[in-house]
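Inside the fold
The residues making up each chain are set out below.
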Amino acid sequence: MPTDKRKIPEVNASSQADIAFMLLIFFLVATSMNTDTGIPRVLPAMPDENQKTEDMDVRERNLLLVFINTYDQIMVGGKPMDITQVKDKAKEFILNPANDEKLPESEDTEFDLPDGTKWVYPVSKGVISLQNDRGTSYSAYLQVQNELMRAFNEVRNEVARAKFQVDFAELPEDVRNIVQKAIPLKISESEPRNVGGKK
């Protein structure tokens, strides 16, 4: 019995590789890659040209100098320190729990809470000054910045738990703003030193 052996026509696939390649190029060009690794900061507005500038006088006990040298070694308050110790040192500086005369002064400040009550909290006058060398790596700089931010965030969290019995992130926005005023983020960044470059 004769069988019908029809030849199945082949599909010409020679142009499919070209189309796939063109689609790949299109998506590579059209897609934006998010590679930002910077630190989000809201910079203050430029001062008025007619406004007189006054130098801020900060007492020595109210200033904690954090310096990163060209070899990414960290000095906090003039003493060498490992990155793992920076957060705890910054927290001690912010809080001054033992009222040490070598740590920052504080000023009792009264805050009006949304429920109509008053809250008095000793607001620290301390400022953390972060300085680096021109040879400091960006990675080391970011690590120190993160540790300082962690210190402020942990202090705010501890204060929120002690006063309001909830984490800082769970507070209503108006109460969060009050806690931020009680624990102000005071990190001053000065121009890099040109102590020496890596060879």
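In the block above lies the structure referred to throughout.
This write-up is about the structure you can find in this document. (Residues numbered from 1 in each chain as written. Predicted model: local features only at pLDDT ≥ 70, side-chain atom pairs only at ≥ 80, totals over all residues. Heavy atoms only, no water.)

**What to know about the pairing of strand β6 (residues 127-132)**
The buried count for β6 comes to 6 of 6 residues, which makes it a mostly enclosed element. The side-chain alternation of β6 yields two buried faces, one formed by Val127, Ser129 and Gln131 and the other by Ile128, Leu130 and Asn132. Across 3 bridges, β6 lies against strand β7 (residues 187-189) in parallel orientation. Paired with Ile128 across the bridge in β7 is Ile187. (Buried < 20%, exposed > 50% of the residue type's maximum accessible area, 1.4 Å probe, protein only. Helix = DSSP H or I, 4+ residues; strand = E, 2+ residues; numbered from the N terminus. Pairing = 2+ DSSP bridges.)

**Observations regarding the pattern of salt bridges**
If you walk through the whole model with that rule in mind, you get 9 salt bridges. Note that Lys91 is salt-bridged to Glu158, the shortest N-O span being 2.7 Å. With Lys91 in helix α2 (residues 83-95) and Glu158 in helix α3 (residues 138-164), this residue pair connects regions lying 67 residues apart in the sequence. A cluster of three or more residues bridged by salt bridges with shared partners is formed by Lys87, Asp88, Lys91, Glu147, Arg150, Glu154 and Glu158. (Salt bridge = Lys/Arg side-chain N within 4 Å of Asp/Glu carboxyl O.)

**Focus on the nonpolar core**
Counting residues in hydrophobic clusters, the biggest one holds 30 residues, and the most contacted among them are Val66, Trp119, Tyr121, Ile128, Leu130, Leu148 and Ile183. Elements with a contribution of two residues or more to this core: β1 (63-68), β2 (74-76), α2, β5 (118-124), β6, α3 and α4 (173-182). Top element by residues in this core is α3. It accounts for 8 residues. When residues no more than four places from it in sequence are discounted, the contact partners of Leu148 are Val86, Ala90, Ile128, Leu130 and Ile187. The next biggest cluster of nonpolar side chains, apart from the first, holds 5 residues, and it includes Ala160, Leu171, Val175 and Val179. (Core = buried A, V, L, I, M, F, W, Y, C linked by side-chain atoms within 4.5 Å. Contact = heavy atoms within 4.5 Å.)

None of this, on its own, says anything about what the molecule does.
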